[in-house]
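Residue-level structure breakdown
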Amino acid sequence: MQPSQFIKQTFHCPVCLNEELMTAWTLVHAQADPDLKDRLLRKTLQLHPCSNCGREFQIESGLVYLDSEQKFLIAYEPDLENPAAWQPYDLDHAQPDWTIRLVTDQNQLIEKIHIFDSGLDDRLVELLKLSLLRQENQPVKARRFFYYQPQEPDESALLHFMVAAEDDQWYNLDLERSIYQNTEQLIAAAGLVLPDQWLVDQSTAVGLLRELSQTPLADLS
Ligand SMILES: [Zn+2]
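Not measured: the values here are computed from a predicted model. (Residues numbered from 1 in each chain as written. Predicted model: local features only at pLDDT ≥ 70, side-chain atom pairs only at ≥ 80, totals over all residues. Heavy atoms only, no water.)

Remarks on the side chain of Asp67
Quick note on the threshold: Each helix corresponds to a stretch of at least 4 residues labelled H or I by DSSP, and each strand to a stretch of at least 2 residues labelled E; elements are numbered beginning at the N terminus. Relative accessible area decides the class of each residue, using a 1.4 Å probe on protein chains only: under 20% of the type maximum gives buried, over 50% gives exposed, and in between gives partly exposed. A residue counts as positive if it is Lys or Arg and as negative if it is Asp or Glu; His and the chain ends are not included. Any carboxyl oxygen of Asp or Glu within 4 Å of a side-chain nitrogen of Lys or Arg constitutes a salt bridge here. Pairs of N or O atoms within 3.5 Å make up the polar contacts considered here, provided that, within protein, one atom can donate a hydrogen while the other can accept it, and that residues adjacent in sequence are counted only when both atoms are side-chain atoms. The contact criterion used is simple: two residues touch if any of their non-hydrogen atoms lie within 4.5 Å.
One can find Asp67 in strand β5 (residues 63–67). The buried charged residue Asp67 lacks any salt bridge, with Lys37 as its nearest oppositely charged partner at 5.0 Å. At 3.1 Å, the side chain of Asp67 and the backbone nitrogen of Glu69 are in polar contact. Leaving out residues up to four positions away in the same chain, Asp67 has contacts with Ala30, Gln31, Phe72, Trp98 and Asp117.

Below is the structure:
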């Protein structure tokens, strides 16, 4: 089994500018190291205390997340200049039938792991989130939605979202799972094929919505 990997690299503390050699994880294999996966989901994997001032800070370092059971790979590239031109550089780890994704921020990485672990399709989740974003007269003005799966086994069959709102607060939103199934059926009924691409984000949903609007079944509500 492919082990997780790390490098030792010099980082600067953003508070006191102290220079320090730190461990940066570059490959996290969910099956080989479930504890690393857990730390990644809790945002503590790349969190380090500064030995000079004691403040903890996140090191901004890219990594590859592998799930060989569910057959997906997510490349996290925080400093990518041109995501549209990205090509999977590290396909040693992945087989041709794997799902490959590219993300440029940590919240996206965590969200995708939650989405795939829940057996959902991230393209449909993006479409669902975009339709939520476009709903008017909501009590909370949402800026972004992030899907998540609760730690405890969830019997409610609800879909859970963290909502980053325009008032800079975070809210929770729970939706019936049927709204996901409706989105899936809508795509099928319109005869649309979900795009096969690394970068799946809001722009994917905008493209799908545009295609849907050209079919007679354009009602997402
Ligand atoms: Zn420091």
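What follows picks up the thread again.
A word on the environment of Gly191
Examined against the element boundaries, Gly191 turns out to sit in the loop between α4 (178–189) and α5 (202–213). Taking C-alpha positions, Gly191 is 49 Å from Lys8, a pair spaced 183 residues apart along the chain.

So, the coordination of the zinc ion
Note the following rule: Only nitrogen, oxygen and sulfur atoms qualify as donors, and only when within 2.8 Å of the metal (3.2 Å in the case of Na, K and Ca); with water excluded, sites may look incomplete. Geometry assignment treats four donors as tetrahedral when all angles are between 85 and 135 degrees, treats four as square planar and six as octahedral when opposite donors are over 155 degrees apart and all others between 65 and 115, and treats everything else as irregular.
In the first shell of the zinc ion, the protein supplies Cys13 (SG), Cys16 (SG), Cys50 (SG) and Cys53 (SG), at 2.3 to 2.4 Å from the metal. Taken together, the 4 donor atoms coordinating the zinc ion span angles of 104 to 116° at the metal, a pattern that classifies the geometry as tetrahedral. Site description for the zinc ion: donor spacing in sequence, C-x2-C-x33-C-x2-C. Cys13 sits in the buried class, given a relative accessible area of 1%. On the basis of relative accessibility, which here comes to 28%, the residue Cys16 falls in the partly exposed class.

Here we look at the packing of aromatic side chains
Applicable threshold: Each aromatic pair joins two rings of Phe, Tyr and Trp (for Trp, the six-membered one) with centres within 6.5 Å, and gets the label stacked for planes under 30 degrees apart, edge-to-face for over 60, and tilted for any other angle.
Tallied over the full model, the rule gives 7 aromatic pairs. Taking the centre distance of 5.8 Å and the plane angle of 80° together, the rings of Tyr147 and Phe161 count as edge-to-face. Note that Tyr147 is positioned in strand β8 (residues 142–148) and Phe161 in strand β9 (residues 158–165), a separation of 14 residues in sequence. Taken together, the aromatic side chains of Tyr65, Phe72 and Phe116 make up a single cluster linked through ring pairs.

What to know about the pattern of salt bridges
It is possible for side chains of opposite charge to pair when their charged atoms get near one another. This model, assessed by the stated rule, comprises 10 salt bridges. Here Glu126 ties to Lys129 by a salt bridge, and the two come within 3.4 Å at their closest N and O atoms. Note that Glu126 and Lys129 are positioned in helix α3 (residues 122–133) at a spacing of 3 residues, about one turn of the helix. The pair formed by Glu126 and Lys129 is uniform in burial state, with each residue classed as buried.

Regarding the pairing of β9
Note the following rule: Two strands form a pair only when DSSP identifies at least two bridges running between them.
When you tally the buried positions in β9, you get 6 out of 8 residues, the bulk of the element. Here β8 pairs with β9 via 6 bridges, running antiparallel. If you follow Phe145 over to β9, its bridge partner there is Val163. Turn length for the β9-strand β10 (residues 170–176) hairpin, with the two strands adjacent in sequence and antiparallel, is 4 residues, and the turn residue Asp168 shows positive phi of about 65°.

A few points about the domain arrangement of the chain
Here is the rule we go by: As used throughout, domain bounds are those supplied by an automatic or database domain assignment. Accessible area that two parts lose when put together, evaluated with a 1.4 Å probe and summed over both, is termed the buried area. Nonpolar residues are Ala, Val, Leu, Ile, Met, Phe, Trp, Tyr, Cys and Pro. Charged residues are Asp, Glu, Lys and Arg, and all others, Gly as well, are polar.
Under the domain assignment, the chain is made up of domain 1 (1–111) and domain 2 (118–221). If you look at the interface, domain 1 gives 14 residues, while domain 2 gives 14 residues. Both sides of the domain 1 and domain 2 interface together cover about 1100 Å² of buried area, and 47% of this is carbon and sulfur. Inspection of the domain 1/domain 2 interface yields 3 salt bridges. Linking domain 1 to domain 2 there are 6 residue pairs in polar contact (both at pLDDT 80 or more). Every element with two or more residues in the side of domain 1 that touches domain 2 is listed here: β7 (99–103) and α2 (106–117). Here the side of domain 1 that touches domain 2 is composed, by residue class, of 6 nonpolar, 3 polar and 5 charged.

Comments concerning the side chain of Thr23
Residue position: Thr23 is located in strand β2 (residues 19–29). Within the structure, the side chain of Thr23 is placed 2.7 Å from the side chain of Lys8, a separation counted as a polar contact. The contact partners of Thr23, leaving out residues within four places of it in the chain, are Phe6, Ile7, Lys8, Gln46, His48 and Ile59.

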